[in-house]
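Structural description and commentary
Residue-level listing of the chains:
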Amino acid sequence: MAATVPAIARAEQNWDFSCNLDVNFESEEHALIAYTSLAVDKELQPDKVKRVMSVSNNKLSVHFEAIEARLLRASFSAFVDVLTLATKTIQEFGQK
Amino acid sequence: MKKKIAIGFEGSANKIGVGIVTLDGTILANPRHTYITPPGHGFLPRETAHHHLDHVLPLVKSALETSQVTPEEIDCICYTKGPGMGAPLQVSAIVVRVLSQLWKKPIVAVNHCVAHIEMGRVVTGADDPVVLYVSGGNTQVIAYSEGRYRIFGETIDIAVGNCLDRFARVLKLSNDPSPGYNIEQLAKKGENFIDLPYAVKGMDVSFSGILSYIETTAEEKLKNNECTPADLCYSLQETVFAMLVEITERAMAHCDKKDVLIVGGVGCNERLQDMMRTMCSERDGKLFATDDRYCIDNGAMIAYTGLLAFVNGIETPIQDSTFTQRFRTDEVHAVWREKEDLVLEG
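Residues numbered from 1 in each chain as written. Chains lettered and ligands numbered in written order. Predicted model: local features only at pLDDT ≥ 70, side-chain atom pairs only at ≥ 80, totals over all residues. Heavy atoms only, no water.

What counts is decided by this rule: UniProt positions are given in the numbering used here, feature names are shortened, and annotations may be inferred rather than shown by experiment.
Looking at an unreviewed UniProt entry, one finds chain B named Glycoprotease 2 and attributed to Cardamine amara subsp. amara. The Sequence similarities (unreviewed entry) field of the UniProt record for chain B holds the comment "Belongs to the KAE1 / TsaD family." What UniProt states about chain B under its Catalytic activity (unreviewed entry) heading is, verbatim, "L-threonylcarbamoyladenylate + adenosine(37) in tRNA = N(6)-L-threonylcarbamoyladenosine(37) in tRNA + AMP + H(+)".

The Sequence similarities (unreviewed entry) comment attached to chain A in UniProt states, word for word, "Belongs to the CTAG/PCC1 family."

Following this line, the structure appears as structure tokens:
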């Protein structure tokens, strides 16, 4: 699809592809720890992929938008890897 | 007073390591795990990061158990900020950010190259040497001057370890424990020296041309029985190590320093150490080198260097605890070395 998009449409940057991810943590504290840890690393191509995160109660919500499905998939999959790592670290070492 | 204790995370290449040390350089624990690829293959960022993801948390547990240190006793959490491969670096950074919040401990970001130097200095007792830092990703001749580790010579293309590793792939040598180790063993059986290009350019070296040359000629030479794989390993080692000794000697003359410290993964090669030792003794100097426990990437070197910075008031706020593929040795202000200078002068 990307190959057929004219240059003008490219310049306008249609954020046609999006997805959401919600993760429930044991406590708001843990959700905030995950949020703070993952917010440090910005998206590598901010002109092509956007990631917005927020925390409410125990829930970490992540919203992705991208101009290509391929980029959305790549960003999402890389994010899930590090999110899983952060969650495992919290589970393993967060016991009071 | 309680001894200062740091935990350090290293994961910039194919090793993931967690070390716990005290300020005097005592290593309380230093477990690591290496991602070993099949013969003929190198390691790629994504696969390497997955390896680190699988092993980092068990390594933290093992380090805490071996050292008998509790999280409360730790003063700071250190990690490799760079240089290295992006995805693998991120693994350490993420774990460190989470642990920093769970344990309420400050973070210290560490330059990987500086960590090799400080680990080498504390293990060998070398005071102010010219440092040859040789690994799979870096080749630099370094000396300390006025607050920074300055780079006097370096590779202008690939690292010497990269050249050796990639040649090991041509011969399909095992990557276990490391391709360089297997080249070193095979080189001991080499009898004939094959002429290879010798590429020293002023203070710098170049290895990519040598690699291309040996890659393109090896197959033909082996097929025609002109030489053996052992001859090629021997010739490659002799050539690239001679280049490294040459630029190290030139840096010594320039900085007026007598001693040499070799650090980095290629630094545990005994042939390189022998050649360097000969050169040093001819200049009335000494060679300082370490074995694979300290030469090869490990968590303790990050913990120790981070702790040096920490006791001098350096901390990394969590929002700045990023990682970067490029991070030059001379970007770091080595404040702890300035304090040493003051003590000596005073």
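On we go from here.
1. Things to note about the interface of chain B and chain A
So the rule is basically this: Contact between two residues is taken to exist if any of their heavy atoms lie within 4.5 Å; hydrogens are not considered. We define a salt bridge as a side-chain nitrogen of Lys or Arg found within 4 Å of a carboxyl oxygen belonging to Asp or Glu. Each helix is a run of DSSP H or I of at least 4 residues and each strand a run of E of at least 2, with the numbering of both proceeding from the N terminus. Following the grouping adopted for this structure description, the nonpolar residues are Ala, Val, Leu, Ile, Met, Phe, Trp, Tyr, Cys and Pro, the charged ones are Asp, Glu, Lys and Arg, and the polar ones are all others, Gly among them.
Taken together, the contacts link 24 residues of chain B with 21 residues of chain A. Linking chain B to chain A there are three salt bridges. Of all elements in the fold, only helix H1 (45-67) and helix H2 (86-103) of chain B reach the threshold of two or more residues within the side of chain B that touches chain A. Of the residues assigned to the side of chain B that touches chain A, the class counts are 14 nonpolar, six polar and four charged.

2. Let's talk about unusual backbone geometry
Here the residue pair Gly82(B) and Pro83(B) is connected by a cis peptide bond, since its omega of -5 degrees sits within 30 degrees of zero. Turning to its location among the elements, Pro83(B) is positioned in the loop between strand S5 (76-82) and H2. Residue Pro177(B) is reached from Asp176(B) by a cis peptide bond, and omega for that bond is -5 degrees. Position of Pro177(B) among the secondary structure elements: in the loop between helix H4 (160-170) and helix H5 (179-187). The phi dihedral of Asn57(A) falls on the positive side, at around 50 degrees, and the residue is not glycine. With respect to the helices and strands, Asn57(A) occurs in the loop between strand S2 (49-56) and strand S3 (59-66). Residues other than glycine seldom take positive phi values, yet Glu146(B) does so here, at roughly 50 degrees. Mapped onto the fold, Glu146(B) is located in the loop between strand S8 (139-145) and strand S9 (148-154).

3. Some remarks on the pairing of strand S1 (residues 5-10) of chain B
Residues and elements named next belong to chain B. As a reminder, the rule being used: Accessibility here uses a 1.4 Å probe with only protein chains present; expressed as a share of the type maximum, an area under 20% marks a residue as buried, one over 50% as exposed, and anything in between as partly exposed. Here, strands pair whenever DSSP counts at least two bridges between them.
Here S1 lies mainly inside the structure; six of its six residues are buried. Alternating residues of S1 divide into Ile5, Ile7 and Phe9 and Ala6, Gly8 and Glu10, and every residue in both groups is buried. Taken together, the six bridges between S1 and strand S2 (residues 15-22) define a ladder with antiparallel strand orientation. Following the sheet pairing, Glu10 is matched in S2 by Gly17. Between S1 and S2, which pair antiparallel in sequence order, lie four residues. By the bridge criterion, four bridges tie S1 to S5 in an arrangement that is parallel. Within S5, the residue paired with Ala6 across the bridge is Cys76.

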